[in-house]
Amino acid sequence: MRIANVDGRLTLLVADGPVDVAIASKGRFGPDPQAAYESFDDLRRWAEDQGEPAPAGSEVGMYDPRVLGPVAPAPRQVFAIGLNYRDHAEEGGVTTLPDEPTVFAKYPSSFSGPDTDVPLPAGSVDWEVELVAIISRTARGVDSARAWDHVAGLTVGQDLSERQLQLRGPVPQFGLSKSHRGFSPTGPVLVTPDELPNADDLEIGCAVNGEQMQKARTANLIFSVPQLVAYLSTIVTLYPGDVIFTGTPGGVGAGRTPQRYLRPGDELRSWVEGIGEIRQRFIPAHTEA
């Protein structure tokens, strides 16, 4: 199943075209994309009768990408994982890999859709392409062998990061530095794991102005999606619609010599195999669109 947030309405993407879920289901499911995760198993069963899922990238021809919103626009909890690829840890000077996931929070006010203009705050704004997982069932103490059963699907995300704020002060300030407005774009669609050839091994990457900056495979995650779900659920309760940014591979601007950061006029394109791509354009803060 492939679903999208189209102008604030839950939309199923099938081969014959988009299906407005609230209308097609005659009110069985509401139009709110976030509410879909509260009854996700029922939604999947209903979707099976609506036709074959649309192929990857088909949403490009269905809509102006600017009407697509985040696939989980108002989660109760947003988790982000740091240092989850070996090459990213090494470019940050970390030589001893973590024994447990490094976790911080992001704030939903930073969420946006897949095609956006992002006002650049003062500082040094960096890119971090990430595979993003969204929870479908309440999870407490879930074993990693069953963790995929608690994942609604996967999408593409950027964990944009303002490095000066992140590193200012006696300890790193992760949450705020990564939660400016527009700093958490996701999309273009949510794809259920069964639609992917191998949900544990997908190509991921990003490019700035057409120049590739990051490229990896999610099989290289230090802690896989099932391991992250299992670990988090031993400490907190995961709720339907919660969002997990799973970490970024090497190639960020802060790890380059010389360091490179985003500037007004830059375009950032990010992608994950089998899911799609998102695009961000960066503008001066005083000219917010």
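The structure we're discussing is the one just above.
Residues numbered from 1 in each chain as written. Predicted model: local features only at pLDDT ≥ 70, side-chain atom pairs only at ≥ 80, totals over all residues. Heavy atoms only, no water.

Chemist: Can you tell me about the overall build of the chain, naming the residues and giving the values?
Modeler: In terms of helices and strands, the chain carries seven helices and 18 strands. In terms of overall size, the chain behaves like a compact globule, its C-alpha atoms giving a radius of gyration of 18 Å where 289 residues would be expected to give roughly 19 Å. Projected onto the principal axes, the alpha-carbon positions of the chain cover approximately 55 × 45 × 30 Å. Counting over 289 residues, the chain shows a buried share of 55%. Within the chain, residue pairs in contact and separated by at least 24 positions form 76% of the contacts whose partners lie at least 6 positions apart. When the accessible surface of the chain is summed, it comes to about 12,200 Å², and 49% of that surface belongs to carbon and sulfur atoms. For the chain, the separation between the mean place of its 25 positive charges and that of its 38 negative charges on side chains is 3 Å. (Helix = DSSP H or I, 4+ residues; strand = E, 2+ residues; numbered from the N terminus. Rg over C-alpha atoms; globule rule 2.2 N^0.38 Å. Buried < 20%, exposed > 50% of the residue type's maximum accessible area, 1.4 Å probe, protein only. Contact = heavy atoms within 4.5 Å. Areas by Shrake-Rupley, 256 points an atom, 1.4 Å probe, with all protein chains shown as cover. Lys, Arg positive; Asp, Glu negative; His and termini not counted. Charge placed at Lys NZ, Arg CZ, Asp CG, Glu CD.)

Chemist: Tell me about the nonpolar core, and name the residues and values.
Modeler: Membership of the largest hydrophobic core comes to 49 residues, with the highest contact counts inside it found for Leu131, Leu154, Val229, Ile244, Leu262 and Ile275. Residues in contact with leucine 131, not counting those within four places in the same chain, are Leu154, Thr155, Leu202, Ile204, Thr218, Val225, Ile244, Phe245, Thr246, Gly247, Val272 and Ile275. Core analysis: the next-biggest nonpolar cluster, separate from the first, contains 26 residues, Leu12, Val14, Phe29 and Phe111 among them. (Core = buried A, V, L, I, M, F, W, Y, C linked by side-chain atoms within 4.5 Å.)

Chemist: So what's going on with the side chain of asparagine 84? Which residues, and what values?
Modeler: As for its position among the elements, asparagine 84 is in the loop between strand 5 (78–82) and helix 4 (86–91). Engagement of the side chain of asparagine 84 in a polar contact is seen with the backbone nitrogen of phenylalanine 223, the distance being 2.8 Å. Among all residues touching asparagine 84, those that are not within four sequence positions of it are Asn220, Leu221, Ile222, Phe223, Leu228, Thr246 and Gly247. (Polar contact = N/O pair within 3.5 Å; in protein donor to acceptor, adjacent residues only side chain to side chain.)

Chemist: Which residues make up the sheet that holds strand 14 (residues 203–208), and what values go with them?
Modeler: Ordered by their spatial adjacency, five strands build an open sheet running 8-18-17-14-15, and the pairing between neighbours is mixed. This sheet does not close on itself; its edge strands, each paired only once, are strand 8 (115–120) and strand 15 (211–217). Strand after strand, the sheet turns through a mean of 20° between neighbouring axes, direction not considered. (Pairing = 2+ DSSP bridges. Axes fitted to C-alpha atoms, helices over the stretch in contact; angles between N-to-C directions.)

Chemist: Pulling in residues and values, what's your account of the environment of aspartate 16?
Modeler: By secondary structure assignment, the location of aspartate 16 is in the loop between strand 2 (9–14) and strand 3 (17–20). The exposure class of aspartate 16 is exposed, given its relative accessible area of 79%. Along the backbone, aspartate 16 and proline 53 are 37 residues apart, and their C-alpha atoms lie at a distance of 8.6 Å.

Chemist: Please provide a residue-by-residue account of helix 7 (residues 225–235), values included.
Modeler: Val225, Pro226, Leu228, Val229, Ala230, Leu232 and Ser233 are the residues of helix 7 that are buried. On its buried face, helix 7 sits against strand 5, strand 6 (102–105), strand 10 (129–135), strand 11 (151–158) and strand 16 (243–245).

Chemist: Account for helix 2 (residues 40–47), naming residues and giving values.
Modeler: All of the buried residues along helix 2 are Phe40, Leu43, Trp46 and Ala47. Considered in projection along helix 2, the buried side chains sweep an arc of 120° and stay on one side of the axis. In this structure, the buried residues of helix 2 make contact with strand 1 (2–6), strand 2, strand 3, helix 1 (21–24), strand 11 and strand 13 (184–191). (Arc of directions from axis to C-beta.)

Chemist: Which residues make up unusual backbone geometry, and what values do they have?
Modeler: Cis geometry marks the peptide bond from glycine 187 to proline 188, where omega comes out at -5°. Tracing the sequence through the fold places proline 188 in strand 13. Here the bond from threonine 257 into proline 258 is cis, since omega is -5°, no more than 30 degrees from zero. Its identity is not glycine, yet lysine 26 carries a phi of approximately 55°, on the positive side. Within the fold, lysine 26 resides in the loop between helix 1 and helix 2. The class of lysine 26 is exposed, set by a relative accessible area of 77%. The backbone of leucine 83 sits at a positive phi, close to 55°, despite the residue not being glycine.

Chemist: Account for the pattern of salt bridges, naming residues and giving values.
Modeler: Tallied over the full model, the rule gives 21 salt bridges. For arginine 76, the salt bridge identified is with glutamate 38, shortest N-O distance 3.1 Å. Of the two residues, arginine 76 sits in the loop between strand 4 (68–69) and strand 5 while glutamate 38 sits in the loop between helix 1 and helix 2, which places them 38 residues apart along the sequence. Comparing arginine 76 with glutamate 38, the two get one shared label, exposed. In this structure, arginine 281 engages aspartate 115 in a salt bridge whose closest nitrogen and oxygen atoms are separated by 2.6 Å. In this pair, arginine 281 sits in strand 18 (residues 276–284) while aspartate 115 sits in strand 8, placing the two residues 166 residues apart along the sequence. (Salt bridge = Lys/Arg side-chain N within 4 Å of Asp/Glu carboxyl O.)

Chemist: Can you break down the pairing of strand 10 residue by residue, with the values?
Modeler: By the criterion of burial, strand 10 is predominantly enclosed, with seven of the seven residues buried. Both faces of strand 10 are covered, namely the face carrying Val129, Leu131, Ala133 and Ile135 and the face carrying Glu130, Val132 and Ile134. Here seven bridges tie strand 10 to strand 11, and the two strands are oriented antiparallel to one another. When the bridges of strand 11 are listed, valine 129 appears paired with glutamine 158. Summarising the sheet, strand 10 and strand 16 pair through three bridges and their orientation is antiparallel.

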